[in-house]
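The lines below spell out each chain.
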Amino acid sequence: MATTYDFPGDLIAAQQELNQVWADLTALYKRLPYSVEPMEAWQRPEGYWLATSRAYPDSPGWSEQEQQEVATLREKERDLTGMILTHAFWSEVAGPERLDARSQLKHALEREDGDGQEAA
């Protein structure tokens, strides 16, 4: 039987916020041009580590606002990750069990079977 953990509300809330930051970053990266700096169109040659060629259009680069938006989200990601990793809760979990506990925290909010915990 797997051990279940009674995660503190602030730790669950931080993980939930981190999940949202990751989702926001993913969505942002999908809508941004592929290159931060302006770049002319280019094409990967045939046989270059992939069997097919791939063409890339001109990239206007990211605007200052877009760069700042990415930087803000990345900073928030670093802060939340640090808060989660250094939370006092982990000192209550035996070293060999921490990997399992961390995995459970990451997925605690995904559970819809009634066994998951909700953010306070």
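All of these numbers come straight from a predicted model, not from anything done at the bench.

Asks: It is not clear to me how helix 3 (residues 98–107) should be interpreted in this structure. Could you clarify?
Replies: The periodicity of an α-helix, 3.6 residues per turn, causes residues three or four places apart in sequence to face the same way. Ala101, Arg102, Gln104 and Leu105 are the residues of helix 3 that are buried. One side of helix 3 holds all its buried residues, which, seen down the axis, span an arc of 160 degrees. Where the residues of helix 3 are buried, they touch helix 1 (9–31) and helix 2 (64–85).

Asks: Which parts of the structure should I look at to understand the pattern of salt bridges?
Replies: Note that side chains of opposite charge can pair when their charged atoms are close. One pass over the full model with this rule turns up 3 salt bridges. With a closest N to O distance of 3.3 Å, Glu17 and Lys76 form a salt bridge. Taken together, the residues Glu17 in helix 1 and Lys76 in helix 2 connect sequence positions 59 residues apart. Its relative accessible area of 34% is what places Glu17 among the partly exposed residues. On the basis of relative accessible area, Lys76 is assigned to the partly exposed category, the value being 36%. Between Glu69 and Arg31 there is a salt bridge, with the nearest N and O atoms lying 3.3 Å from each other. Separated by 38 residues along the polypeptide, Glu69 in helix 2 and Arg31 in helix 1 bring together distant segments of the chain. Owing to a relative accessible area of 33%, Glu69 belongs among the partly exposed residues under this scheme.

About the criteria used
- Residues numbered from 1 in each chain as written.
- Predicted model: local features only at pLDDT ≥ 70, side-chain atom pairs only at ≥ 80, totals over all residues.
- Heavy atoms only, no water.
- Buried < 20%, exposed > 50% of the residue type's maximum accessible area, 1.4 Å probe, protein only.
- Helix = DSSP H or I, 4+ residues; strand = E, 2+ residues; numbered from the N terminus.
- Arc of directions from axis to C-beta.
- Contact = heavy atoms within 4.5 Å.
- Salt bridge = Lys/Arg side-chain N within 4 Å of Asp/Glu carboxyl O.

Remember, this is a structural readout, not a statement about activity or role.
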